[in-house]
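This is what each chain is made of:
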Amino acid sequence: MKVRTRIAPSPTGDPHVGTAYVGLVNYCFAKHHGGEFLLRIEDTDQVRSTPQSEQAILDALHWLGLRWDEGPDVGGPHGPYRQSERSAIYRKHVDELLAAGHAFKCFCTALRLDEMRVAQRAAGKPPRYDGLCLSYGAAETARREASGEPYVVRLKVPENGVCTFDDLRRGTIEIEWQGVDMQVLMKSDGLPTYHLANVVDDHLMEITHVIRGEEWVSSAPKHLLLYSYFGWQPPSIMHLPLLRNPDKSKLSKRKNPTGMLFYKSMGYLPEALANFLGLLANSAHDGQDEILSLEQMVERFALDHVPLGGPVFDVQKLDWLNGRYVRERLDPAAFVARVRDWAFTPERVERIAQLAQPRIERLSDLGLLLAFLFAGRLPLEAADLRGGKLDDAAMRQAFQLALFELDAMPDWSIAGIERALKRVAEALGRKFRDVARPFYVAITGSPTSIPLYDAMDLLGRDMVRERLRGALEVLGVPSAKEQAEWKKLLDAVPQGESA
RNA sequence: GGCGCUAUCGUCUAUCGGUUAGGACAGCCGCCUUUCACGUGGCAAAGACGGGUUCGAUUCCCGUUAGCGCUACCA
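Bear in mind that the values here come from a model prediction, so they are computed numbers and not experimental data.

Procedures and definitions
- Residues numbered from 1 in each chain as written.
- Chains lettered and ligands numbered in written order.
- Predicted model: local features only at pLDDT ≥ 70, side-chain atom pairs only at ≥ 80, totals over all residues.
- Heavy atoms only, no water.
- Helix = DSSP H or I, 4+ residues; strand = E, 2+ residues; numbered from the N terminus.
- Rg over C-alpha atoms; globule rule 2.2 N^0.38 Å.
- Contact = heavy atoms within 4.5 Å.
- Areas by Shrake-Rupley, 256 points an atom, 1.4 Å probe, with all protein chains shown as cover.
- Buried < 20%, exposed > 50% of the residue type's maximum accessible area, 1.4 Å probe, protein only.
- Expected span 1.5 Å × (residues − 1).
- Axes fitted to C-alpha atoms, helices over the stretch in contact; angles between N-to-C directions.
- Parallel < 35°, antiparallel > 145°, perpendicular 65-115°, else oblique.
- Left-handed = near helix turned anticlockwise from the far one by under 90°.
- Nonpolar A, V, L, I, M, F, W, Y, C, P; charged D, E, K, R; others polar.
- Phe/Tyr/Trp six-rings, centres within 6.5 Å; stacked < 30°, edge-to-face > 60°.
- Lys NZ or Arg CZ within 6 Å of the ring centre and 35° of its normal.
- Core = buried A, V, L, I, M, F, W, Y, C linked by side-chain atoms within 4.5 Å.
- Near = heavy atom within 4 Å.
- Polar contact = N/O pair within 3.5 Å; in protein donor to acceptor, adjacent residues only side chain to side chain.

K.L.:
Got a sec to walk through the overall build of chain A? Specific residues and values, please.
P.N.:
The helix and strand inventory of chain A stands at 21 helices and nine strands. For a compact globule of 499 residues, the expected C-alpha radius of gyration is about 23 Å, and chain A comes in at 26 Å, within 12% of that figure. Overall, the C-alpha framework of chain A stretches about 80 × 55 × 40 Å when taken along its three principal axes. Taking all contacts inside chain A whose residues are at least 6 apart in sequence as the whole, residues at least 24 apart take part in 77%. Total accessible area on chain A is roughly 23300 Å²; 53% of this is exposed by carbon and sulfur atoms.

Take a look at the structure:
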């Protein structure tokens, strides 16, 4: 049987290096066995999914060098490859489960469910749907449905016994059915949840090996249960460890740059990033050179060498690898081409020139005026940030609130940036012009520069986040408590275009 | 709180019962060099803890501890 793997990102944010890591492993495994690798978009969360995010993820994975045999952009015999376009398929399968008595309609309100869980937790029991709606007879269920009560469809789960399954790397894992919740399979909006859509699609797309992040281990029983309810042969499964911050917590953008676009704008070469990620999945042995092309990684890939402990994303090692690629793998012409593509594309140069021209007297002013556009973190000191109307405490708040707002923006745009920063000023009860200065310094390194919103737009969200975090490190990173309190300031500002 | 996963130098890892526990990044000391970088030679650095099993455990089993994950009509 031909090996078929997939990566199934959810388009709810910027492309994440964790997605690249999982994608790379799936790619290497499939190709190592002469199989196929596909890409599926899991956009069943209508509220958070955006087409822009989907495009960004596809672009970023392409940039990294991954190619898929089937996917929303390249098509294939098992499409559509976007879950939002497969509603009818899920509906049919849900009906099948309902008809067979493997699932049931649940009319419980969020409030009741909350209270139930609080009580269960207090009693030291695993949170699990208590089965109230399961006790209704067919007549009662039909009556509620007819009266227009919204409902979800839940999975029926065995009352006792244990679910035993094999993880390709971890071996046998046992989880008691009592600890497995009666998962919602179809939301009241009629769309499936991840669990249902994922299982149905993996089966229909003939996925033979599901290789995914460790966060899915505890929901594996639900998935396996679905396979058995449908009478399908489940795929082999394996869970990859989660990438970590240096403090060992799950890699998060609060503590570290996690966006692929950040690494791109920092000037890391895609082959170096892929190489680095590949090393975290399959390390080189003893004396072997750690510089490995994608082809080499495919060739030497071995599942049983994938680590189980969450590897720390060590930027220093990435730096070293990238340095070697820059020095050893690019001839002068290729180097020039890379630099051009990195930050000197004609469109970008044009745009920057238009912003810079009115602000200089000599062409030689250009270097210092624009240096920040071609740099990573700026060498800031507290004194650089001071000098405006805000004291340190206010600047820390301003930067932190900006981080909140900028992260919450659906799309990165000048208009959005402006709205976000004005909101921050309002939340702090300051005039925007007083707040502007520290932002100029944090972002551009100087209180006078090209327009702030353009600068931020040009830099990109990930780099802006990095600069703001850099400024916060200089002034003192807010504690979790401070962050939570400050966030309330933002909540107090009404949404909308006003400001 | 409940359930699960994990545990070798600071970091990424090798070891598949017997090794002076190996390599790489970072660090430190040299060499090379008009600076820096690169390159190169070397140094330092690890089996979480406690029980078993065994002639012998880093390796197998159990417990403890710690870290992480899950605990949603998000994925």
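K.L.:
Kindly report on the side chain of Thr141, identifying the contributing residues and their values.
P.N.:
Following the sequence through the fold, Thr141 ends up in helix H5 (residues 138-146). Its relative accessible area of 16% is what places Thr141 among the buried residues. Among residues more than four places away in sequence, those in contact with Thr141 are Lys105, Phe107 and Tyr136.

K.L.:
Lay out helix H9 (residues 270-281) with the relevant residues and their values.
P.N.:
Side chains three or four residues apart in an α-helix point the same way, a direct result of the helix having 3.6 residues per turn. Over its twelve residues, H9 extends 17 Å from the first C-alpha to the last, a length consistent with the 16 Å expected when each residue adds 1.5 Å. Of all the twelve residues making up H9, eleven are buried; the element is thus mostly covered by neighbouring parts of the structure. The inward-facing, buried residues of H9 contact helix H1 (17-32), helix H2 (51-64), helix H8 (260-265), helix H10 (294-300), helix H11 (315-328) and helix H12 (332-343).

K.L.:
Give a detailed account of the packing of helix H16 (residues 392-408) against helix H21 (residues 480-491), specifying residues and quantitative values.
P.N.:
At a minimum axis distance of 10 Å, the contact between H16 and H21 shows a crossing angle of 75 degrees. Judged on the interaxial angle alone, H21 and H16 are roughly perpendicular. For the pair formed by H16 and H21, the contact residues are Arg396, Gln397, Gln400, Leu401, Phe404 and Glu405 on the first element and Glu482, Gln483, Trp486, Lys487, Leu489 and Leu490 on the second.

K.L.:
Give me the lowdown on the packing of helix H6 (residues 194-204) against helix H7 (residues 220-230), citing residues and values where you can.
P.N.:
With their axes 10 Å apart at the nearest point, H6 and H7 run at an angle of 55 degrees to one another. The angle between the axes of H6 and H7 places the two elements in the oblique class. For the crossing formed where H6 meets H7, the hand is right-handed. Only Lys222, His223, Leu226, Tyr227 and Phe230 of H7 make contact with H6, whose side of the interface consists of Tyr194, His195, Leu196, Val199, Val200, Asp202 and His203. Split by residue class, the contact of H6 with H7 holds seven nonpolar, three polar and two charged.

K.L.:
Which residues make up the packing of aromatic side chains, and what values go with them?
P.N.:
Counted under the stated rule, the structure contains 15 aromatic pairs. Taking 4.0 Å as the distance between ring centres and 15 degrees as the angle between the ring planes, the aromatic pair formed by Tyr194 and Trp216 counts as stacked. Taken together, the residues span a long stretch of sequence, with Tyr194 in helix H6 and Trp216 in the loop between strand S8 (209-213) and H7 at a distance of 22 residues. According to the relative accessible area criterion, Trp216 is partly exposed, its value standing at 22%. Between Tyr227 and Trp232, the ring centres sit 6.4 Å apart and the planes meet at 70 degrees, which makes this aromatic pair edge-to-face. You'll find Tyr227 and Trp232 in the same group, each marked buried. Here the aromatic residues Phe262, Tyr263, Tyr268, Phe276 and Phe313 are joined through ring pairs into a cluster of three or more. Directly above the ring of Phe432 sits Lys422, whose terminal nitrogen or CZ lies 5.8 Å from the centroid.

K.L.:
Quick one: what's the story with the nonpolar core, residue by residue and with numbers?
P.N.:
Among the nonpolar cores identified, the biggest contains 107 residues, and Phe313, Phe399 and Leu468 are the most heavily contacted of them. No other element matches the ten residues that H1 contributes to this core. Counting residues in each nonpolar core, the second largest holds 46 residues, with Tyr136, Ala197, Ile207 and Ile237 among its members.

K.L.:
Lay out the protein's contact with RNA strand B in plain terms, naming residues and giving numbers.
P.N.:
In the neighbourhood of RNA strand B, 49 residues make up the surrounding shell, with Pro127, Arg170, Ser283, Asp286 and Glu290 lying closest. The sugar-phosphate backbone supplies 76% of the atoms of RNA strand B found within 4 Å of the protein. A distance of 3.1 Å is found between a phosphate oxygen of RNA strand B and a side-chain nitrogen or oxygen belonging to Lys187. In this structure, a sugar or linking oxygen belonging to RNA strand B sits 3.2 Å away from a side-chain N or O atom of Glu214. The set of elements that each furnish at least two residues to the surface near RNA strand B consists of helix H4 (110-122), strand S4 (152-155), strand S6 (171-176) and H11.

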